[in-house]
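Descriptive analysis of the structure
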Amino acid sequence: MKLFDFGLVFSQIPKLLEYLPVTLELALVSMLAGTLLGLLLAIMRMKKVRVLSQIAGFYISLVRGTPILVQLYIAYFGIPMLIKWINLKTGSNYVPANIPGFVYAVTALAINQSAFDSEIIRASLQSVDRGQIEAASSIGMTYFQTLRRIILPEALTVALPGLGNSFIGVIKGTSLAFTCAVVEITARGQILAGRNYRYFEVYVSLAIIYWVITIIIEQLIRLFERKTRIPDQVEQYQPENLKTGEAAV
Amino acid sequence: MIRIEHLSKAFQKNVVLEDVSLEIEQGNVIGVIGPSGTGKSTLLRCINQLEIPDQGTLTLDGRTIDLHRKNKQDMLYIRRNTGMVFQKFNLFEKKTALENVMEGLLTVHKLKPEEARQAALEELDRVGMTAWANHYPVHLSGGQQQRVAIARALALKPRLLLLDEPTSALDPELVGEVLEVIRKVAGQGYTMILVSHEMAFVQSISNRVIFLDKGHIVEDGTPAQVFSNPQNERTREFLSKMFILTQPEFII
């Protein structure tokens, strides 16, 4: 028996990739939910409504101050208890066992994501020049119109590197989803290794997969950054119908 | 007619405007002059509700609005009927010149994109910026940016145009092109309030000049009255300082 089965590292990758959709789904759903919740939290903190901003501050501190592993376990054990309590209080009859582990994992990952994303988003929102917000107000745009059309597009440019980082973070965070009985690539790897005791090989395979995913995401972010950048040079505007032939100065 | 009554604003204990009242006739071009920190900008910002005054009302088309109340509908009504041109242009940096002018037409006037585009192009043409329609603010000089900003404000056909030191952030050689545009706009019958330190320009463009000092209107009259025959001691002092540079040092 070989000490290190080099061939296995690559040959078992297809078996692991069967569960890649689960990993990506976990990451995408958590990221999306986390970013939206993060945006809400960021606005709560910025709007300086006393109670709301305190709640947001407390939430962010609590979530950032506890490990993701602990949060996953709390979600896994806490949500069924919450449901049982609701059953007890309202006489309803929900069965916690029917809830797939995916829901617990996504809940925990999204909550974790939201706390980190909200700070990235808050910093990016605050980086938008006040003058432009005033200009938007002065032409009679509502706050939500201003947010959607002026603030968010500009903030996105600033937030993109941070959010990209955070997305890479959550992809790797999904490797802990086995705690909620979700089988994604890491859990799949552990099951495979349990059969042939090739644990080292499987973790090397997993490392390669995660790294390649991250490289792809880095490239996508770079592409998106290039797309949203203001071009260095622009051609002069040519009116379609030169009515009078009068040259614009 | 637009009427502003009993407008007061203090930042903490610093009283910037105190019981200012002003009646603006249709087509008036009012030049506001005065020393720094006397509330000239604050006056405009209060009218536009970028600053909430401690008290004061604004009457526009017979509708009287309490400026202090922060009522959302009233605020939008005022802002949709007034345009503001800022000292630092404040163009939307992620939008082209054309998109900057279109923005209000799309979101506030709810025009269709093609209509908004045509209207915006006409406004850009008025300020001589058609050729730069596809350029972003970073590509434009200060003077060009300010001309686009004027087009953006005018696109919404404001009843009252507020110009807050529109040339103060410009290089001296770019001041001329912006003043030329403002002069043209004034000639087209827009009602405007112009805060400026360009005394000669204020004198030539406005048909009424107001001198603000320590939050009060201390002088109010035609440019000829205010500049040539000021009644108030503060006005005389201010104007003599202003024109000291244009006077020769020695007269032989």
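Everything below is about the structure shown above.
Quantities reported herein were computed from a predicted structural model and do not represent experimental measurements.

1. Focus: the overall build of chain A
- Per the secondary structure count, chain A includes 10 helices and zero strands.
- In chain A, the succession of helices and strands from N to C terminus is α-α-α-α-α-α-α-α-α-α.
- Whereas a compact globule of 249 residues would reach a radius of gyration of roughly 18 Å, chain A reaches 24 Å, over 25% beyond that.
- If you line up chain A on its principal axes, its C-alpha atoms span 85 × 55 × 30 Å.
- Every one of the 249 residues in chain A was classed for burial, and the buried ones make up 41%.

2. Looking at the overall build of chain B
- Helix and strand counts for chain B stand at nine helices and 10 strands.
- Here the C-alpha atoms of chain B give a radius of gyration of 19 Å, agreeing with the 18 Å that 2.2 N^0.38 yields for 252 residues.
- By its C-alpha atoms, chain B is 60 × 50 × 30 Å across when sized along the principal axes.
- Scored against the burial criterion, the 252 residues of chain B give a buried share of 57%.
- Contacts spanning at least 24 positions in sequence make up 63% of the contacts within chain B whose residues lie at least 6 apart.
- With the model as given, the accessible surface of chain B reaches about 11200 Å², and the carbon-plus-sulfur share is 50%.
- Once the 29 positive and 31 negative side-chain charges of chain B are each reduced to a mean point, those two points are 6 Å apart.

3. Comments concerning the sheet that holds strand β6 (residues 82-85) of chain B
Residue and element names in this part refer to chain B.
- Strand order in this open sheet of six strands is β6-β7-β8-β3-β9-β10, and the pairing throughout is mixed. Unpaired on one side and paired on the other, β6 and β10 (216-221) mark the two borders of the sheet. When the angles between neighbouring strand axes are averaged without regard to direction, this sheet yields 20 degrees.
- Of the pairings in the sheet, the one linking strand β9 (residues 208-213) to β10 comprises five bridges and is antiparallel in character. What sits directly across from L212, in β10, is I217.
- Its contacts with the sheet put helix α5 (residues 142-154) on β6 and β7 (160-164), and the angle it makes with β6 is roughly 170 degrees.
- Each of β3 (29-33), β7 and β8 (192-195) touches helix α6 (residues 172-187); the most contacted strand, β8, lies at about 155 degrees to it.

4. Details of the pattern of salt bridges
Residues and elements named next belong to chain B.
- Counted by the stated rule, this structure contains 22 salt bridges over all chains.
- Among the salt bridges present, the one from D61 reaches R159, with a minimum N-O distance of 2.5 Å. Here D61 is found in the loop between β4 (55-60) and β5 (63-66), whereas its partner R159 is found in the loop between α5 and β7, with 98 residues between them in sequence.
- In this structure R159 comes out as partly exposed when scored by relative accessible area, which is 22%.
- Close ionic contact of R208 with D220 constitutes a salt bridge, the shortest N to O distance being 3.0 Å.

5. Some words on a nonpolar patch on the surface
- A contiguous nonpolar patch, built from L3(A), F4(A), F6(A), F10(A) and F200(A) and spanning about 610 Å² of accessible area, is present on the exposed surface.
- By secondary structure assignment, the location of F200(A) is in helix α10 (residues 199-228).

6. A short note on the side chain of R198(A)
Residue and element names in this part refer to chain A.
- Along the polypeptide, R198 turns up in the loop between α9 (185-196) and α10.
- One polar contact links R198 to E201, side chain to side chain, over a distance of 3.0 Å.
- Not counting residues within four places of it along the chain, the set of residues in contact with R198 comprises M1, K2, L3, F4, D5, L8 and A193.

7. Digging into the side chain of D164(B)
All names here are of chain B.
- Structurally, the position occupied by D164 is in strand β7.
- Salt bridges are absent for the buried D164, whose nearest opposite-charge side chain, R45, sits at 5.5 Å.
- A distance of 2.8 Å separates the side chain of D164 from the side chain of S41, its partner in a polar contact.
- Once you skip the residues sitting within four places of it in the chain, D164 turns out to touch S41, L44, M84, V85, F86, Q87 and V195.

8. Some words on the pairing of β6(B)
All names here are of chain B.
- With burial as the criterion, each face of β6 is covered, one bearing T82 and M84 and the other bearing G83 and V85.
- Where β6 meets β7, four bridges bridge the pair, whose relative direction is parallel. Pairing of G83 across the sheet is with L161, part of β7.

9. Description of unusual backbone geometry
Residues and elements named next belong to chain B.
- The backbone phi angle of H6 is positive, close to 50 degrees, even though this residue is not glycine.
- Of note, H6 is situated in strand β1 (residues 2-11).
- Positive phi outside glycine occurs at K70, with the angle close to 60 degrees.
- Along the chain, the position of K70 falls in the loop between β5 and α2 (72-81).

10. Section: the packing of aromatic side chains
- For the structure shown, the criterion picks out eight aromatic pairs over all chains.
- Positioned above the aromatic ring of Y143(A), the side-chain terminus of K47(A) is 3.9 Å from the ring centre.
- The ring centre of F92(B) lies 4.6 Å from the NZ or CZ of R152(B), which sits over that ring.

11. Describing the environment of Q145(A)
- Among the structural elements, Q145(A) can be located in helix α8 (residues 143-173).
- Under the relative-accessibility criterion, Q145(A) is labelled buried at 12%.
- Not counting residues up to four positions away in its chain, the partners in contact with Q145(A) are G140(A), I150(A), R80(B), T107(B) and K110(B).

12. Considering helix α9 (residues 233-242) of chain B
Residues and elements named next belong to chain B.
- Every buried residue belonging to α9 is among T235, F238 and L239, and all of these are buried. Mapping the buried residues of α9 onto a view down its axis gives an arc of 95 degrees, with all of them on the same face. Away from its buried face, by an angle of more than 90 degrees, α9 presents the exposed residues E233 and K241.
- Here α9 starts with a cap whose side-chain oxygen sits 2.7 Å from the backbone nitrogen of R234, and that cap is N232.

13. Some remarks on the pairing of β3(B)
Residue and element names in this part refer to chain B.
- By the criterion of burial, β3 is predominantly enclosed, with five of the five residues buried.
- The side-chain alternation of β3 yields two buried faces, one formed by V29, G31 and I33 and the other by I30 and V32.
- Of the pairings in the sheet, the one linking β3 to β8 comprises four bridges and is parallel in character. When the bridges of β8 are listed, I30 appears paired with I193.
- Note that β3 and β9 share four bridges and pair parallel. Counted as the bridge partner of I33 is F211 from β9.

The rules behind these values
- Residues numbered from 1 in each chain as written.
- Chains lettered and ligands numbered in written order.
- Predicted model: local features only at pLDDT ≥ 70, side-chain atom pairs only at ≥ 80, totals over all residues.
- Heavy atoms only, no water.
- Helix = DSSP H or I, 4+ residues; strand = E, 2+ residues; numbered from the N terminus.
- Rg over C-alpha atoms; globule rule 2.2 N^0.38 Å.
- Buried < 20%, exposed > 50% of the residue type's maximum accessible area, 1.4 Å probe, protein only.
- Contact = heavy atoms within 4.5 Å.
- Areas by Shrake-Rupley, 256 points an atom, 1.4 Å probe, with all protein chains shown as cover.
- Lys, Arg positive; Asp, Glu negative; His and termini not counted.
- Charge placed at Lys NZ, Arg CZ, Asp CG, Glu CD.
- Pairing = 2+ DSSP bridges.
- Axes fitted to C-alpha atoms, helices over the stretch in contact; angles between N-to-C directions.
- Salt bridge = Lys/Arg side-chain N within 4 Å of Asp/Glu carboxyl O.
- Patch = residues over 30% accessible without salt bridge, like charges linked within 9 Å, V, L, I, M, F, W, Y side chains within 5 Å.
- Polar contact = N/O pair within 3.5 Å; in protein donor to acceptor, adjacent residues only side chain to side chain.
- Phe/Tyr/Trp six-rings, centres within 6.5 Å; stacked < 30°, edge-to-face > 60°.
- Lys NZ or Arg CZ within 6 Å of the ring centre and 35° of its normal.
- Arc of directions from axis to C-beta.

These values are about where atoms sit, not about what they do.
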